[in-house]
Every structure is written in structure tokens, then in C-alpha cells.
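Topology and contacts: notes
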Amino acid sequence: MGWEENVRRVVPYTPGEQPDFADMIKLNTNENPYPPSKRVQACAQTAKTERLRLYPPPAADALTNALAKSYGVKREQVFVGVGSDDVLAMAFLTFFNADKPVLFPDITYSFYDVWAELFRIPYECQPLDEELRIVKEDYCRPNGGIVFPNPNAPTGVELPLDEIEEIVARNRDVVVIVDEAYVDFGTRSALELIRKYDNLLVVQTFSKSRSLAGLRIGYAFGSEKLIRCLNDVKYSFNSYTMNRPSIELGVAALADEAYFRETTAKIIATRERTKKRLAALGFSFADSKANFLFVTHPDYAAKDLFEALKEQHIYVRYFAKPRIDRYLRITIGTDEQMDALIGFFKRYMNK
Ligand SMILES: *Cc1c(COP(=O)(O)O)cnc(C)c1O
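Residues numbered from 1 in each chain as written. Predicted model: local features only at pLDDT ≥ 70, side-chain atom pairs only at ≥ 80, totals over all residues. Heavy atoms only, no water.

1. Examining the overall build of the protein
In terms of helices and strands, the protein carries ten helices and 13 strands. Overall, the protein is about 60 × 55 × 55 Å in size when its C-alpha atoms are taken along their principal axes. Per-residue burial over the protein gives 52% buried out of 351 residues. Accessible surface computed for the protein: about 16600 Å², of which carbon and sulfur atoms make up 51%. (Helix = DSSP H or I, 4+ residues; strand = E, 2+ residues; numbered from the N terminus. Buried < 20%, exposed > 50% of the residue type's maximum accessible area, 1.4 Å probe, protein only. Areas by Shrake-Rupley, 256 points an atom, 1.4 Å probe, with all protein chains shown as cover.)

The following block contains the structure:
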């Protein structure tokens, strides 16, 4: 009997590669191709380091207040964390504590089963249909909680708000988490439902639509009671998670609504243009509402395309998993970056 028998063993989440070549085109982790708002730069230049000797405010008040104001909710309905991964992990730990299984799609964000395993939460995956859609009826059976992204990842497929409401309404005895990491690229948020349903938690992030993956800011909206429960668990784990610079720079980013609208609109326009060009090359894909496309080609293996792209320092994401190993997930970059990608496909396919 050694200590190794009592170790908490986990198969960790595999994040996308973070290569570092000057000439690379990085379309593999759904980062934003545009820089953060100029207000973030300005704020960083005037930052006062003297205050770094003090712990940060545990509730990240300035950011919590700014989010509450910006989204028209009470500050007691806002929770912030170190990226939405931190928010989601805390939410799993707080709300998924039943003997019945937590439900999520079989093809979805691959962190959910990792947290479930880590926290020893029973779970059951519900298969997406042929068109890669979430089937709402699958979430109306006995369960210990529900979580899904909207739009879903890595498919980009949106679940209409009335179907989300039906899932939340038919599961009043558990918490339903809607992970809205990509909601700003053209999906209607479930935020408006939190007034009506105290069992709904809506999670969002600055990583994608606000070009701040490097800062690590995530947040959640829910009923005051739900947020109180989340904070109780967070303060029992690590009170000072969000550092002072992140709080200040996050407030600066949130204040620049015009830049946020401009850059998300540009990404949506590039996405729609890219859809047409990929379709013309014979790719097929579901109608993504996110800042990525999940594509497959009848004549070319996804893994071969992935490797060939990588040789050119064009990085996309390939998942060697059942049901999705014929697909590539391609992040929407700038128009120029997508032109380079399309140019590569044309050469590769001799078109
Ligand atoms: C990117 C992503 C997240 C995590 O983002 P953070 O950088 O931790 O805020 C959460 N959920 C989904 C579905 C994502 O794609």
C-alpha cells in the first residue's frame, strides 16, 4: 500500500496548442483576431503598482458593479471568476451535488466531463441529433443538473431561446447552466430569463468577444440566491482569485461598447463570407452562430487537412474522438487570415 493508491487521479482537459511562430495563422482556440480595446492599453499604462501590495477586493467589486450596470441586473445577481472555466468549475462544485446524473450533450465543451470526473459527479451524455442539434426532450428526464453551451461548442449550433426556457421550466428542482462563451456572435442570450427562473445560471466570458483570453475574466448571472451559494463555495476555496490588474482592465474593456460591437460585427461578417467560400470548396457544416466553423469534407480526411495546414503554420483544431473525427474546428480570424486558409485549401485540392 503506497500513497499512490489514494491519489485523486484525473485525465486532464487538453487545451488547444499555443504555438509561437511569427508567421503563424492561429485559428485553433477561438481567440479574437483583433486586439483588445484601446482603453485597455490606456488603463494598463496608468496602472498604479503601489496598490499591488494589497490583496484585491474578494468580490472584484468594480468589475461586478460595471457588469451589473452594463447588463441591467443587480450586483447581487453577478458572480465573477478567473475565466469562465473557473466560474463553471465553481458552479459544478456548488450546484451539482445530487445522486442523479448531471446531463450534457455528447458532443460539447470537453471540460464538462473532466470537472464531473474531478468532483465525482455522476453524469450522462445526451446525443446530438443528425444535424448536430441539442434535443430538448432529452433534458426532461430525472437528473441532478443540466449544462450546455449556447451556441454549442464545437458545433456552433444555436438552441432557440424558447427551447432553453422549456428546459429550465421543466427542471425547476435542479440548476440549469447555460454556457454563453460565444453568445455575442449572434445568439440571443438567456439572461432575460433569470428574473423568471431562480434555477438558471448564465455564464459568459471576456475571452472571445472582448479579445481578452490572456486576462482570464469570466462571469455569471443568476438569482441572488444562486449567486450567494456560488460565492459561499468560492470563498471556501480561494477568496482572492481575481487580481487587481484584471479587475481594472476588465472594467476598461467593458466601457468600450462601440469597439465591442464593431469587432463582433466584423467577425460575424467574416464568418458568413467564409461559410460561402468553404461551401464552394465542397465543405459541409452546420450553421454556426459562433466565432468558429465546424467543417467536414467528403473527399478529404480531417486529420490530413489538419496536418497539412500545420506544416504551413496554419493552426486549426482537430478532435480525434468518436462522431467528430471527420471534422475540423476553424476559428474565424481576420478576412486576410481566412483568405490564406481558403488559398491553402484551393492549392491542396487543385481547384
Ligand atoms: C472558451 C470556452 C470557455 C472558457 O473560456 P474562458 O477563457 O475560461 O473564459 C467556456 N466554455 C466554452 C464552451 C468555451 O468554448
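Moving on from the coordinates now.
2. A look at the domain arrangement of the protein
Taken domain by domain, the protein comprises domain 1 (19-36 + 258-349) and domain 2 (38-255). Contact residues are listed per partner, giving 27 residues for domain 1 and 28 residues for domain 2. A buried area of about 2100 Å², summed over both sides, lies between domain 1 and domain 2, and 60% of it is on carbon and sulfur atoms. Counting the contacts that link domain 1 with domain 2 gives two salt bridges. (Domains from an automatic or database assignment. Contact = heavy atoms within 4.5 Å. Buried area = accessible area lost by both parts, 1.4 Å probe. Salt bridge = Lys/Arg side-chain N within 4 Å of Asp/Glu carboxyl O.)

3. What about the sheet that holds strand β13 (residues 327-331)?
Taken in spatial order, the four strands line up as β9-β10-β13-β12 in an open sheet, and their pairing is antiparallel. If you trace the sheet from one side to the other, it starts and ends with β9 (284-285) and β12 (317-318), each paired once. The pairing of β9 with strand β10 (residues 292-296) spans two bridges and is classified as antiparallel. What sits directly across from Phe 285, in β10, is Val 295. Relative to β10, helix α8 (residues 257-280) is tilted by about 10°, and along the sheet it contacts β9 and β10. (Pairing = 2+ DSSP bridges. Axes fitted to C-alpha atoms, helices over the stretch in contact; angles between N-to-C directions.)

4. A word on unusual backbone geometry
With an omega of -5°, the peptide bond between Asn 150 and Pro 151 qualifies as cis. Cis geometry is found at the peptide bond from Ala 153 to Pro 154, where omega equals 5°. Looking at the element boundaries, Pro 154 is found in the loop between β5 (145-149) and α5 (161-169). At Ala 60, a position not held by glycine, the phi torsion is positive, near 50°.

5. Considerations on the site of the ligand
Lining the immediate environment of the ligand, one finds 13 residues, of which Ser 84, Tyr 182, Thr 205, Ser 207 and Lys 208 sit closest. The separation between an oxygen atom of the ligand and a polar main-chain atom of Ser 84 is 2.6 Å. In this structure, an oxygen atom belonging to the ligand sits 2.6 Å away from a side-chain N or O atom of Ser 207. Here the ligand has 390 Å² of accessible area as a free molecule, and 93% of this is covered by the chains. If you tally residues by element for the shell around the ligand, the top one is helix α3 (residues 83-95), at four residues. Residue composition of the shell around the ligand, grouped by class: five nonpolar, four polar and four charged. (Near = heavy atom within 4 Å. Polar contact = N/O pair within 3.5 Å; in protein donor to acceptor, adjacent residues only side chain to side chain. Nonpolar A, V, L, I, M, F, W, Y, C, P; charged D, E, K, R; others polar.)

6. Overview of the nonpolar core
It is characteristic of soluble globular proteins that their nonpolar side chains tend to be buried jointly. Of all hydrophobic cores here, the largest spans 47 residues; its most connected members are Phe 148, Leu 200 and Phe 206. Leaving out residues up to four positions away in the same chain, Leu 200 has contacts with Val 168, Val 176, Val 178, Ala 190, Leu 193, Ile 194, Phe 221, Gly 222, Ser 223 and Leu 226. Judged by nonpolar contacts, the second largest core, of 32 residues, contains Ile 25, Tyr 182, Phe 185 and Met 338. (Core = buried A, V, L, I, M, F, W, Y, C linked by side-chain atoms within 4.5 Å.)

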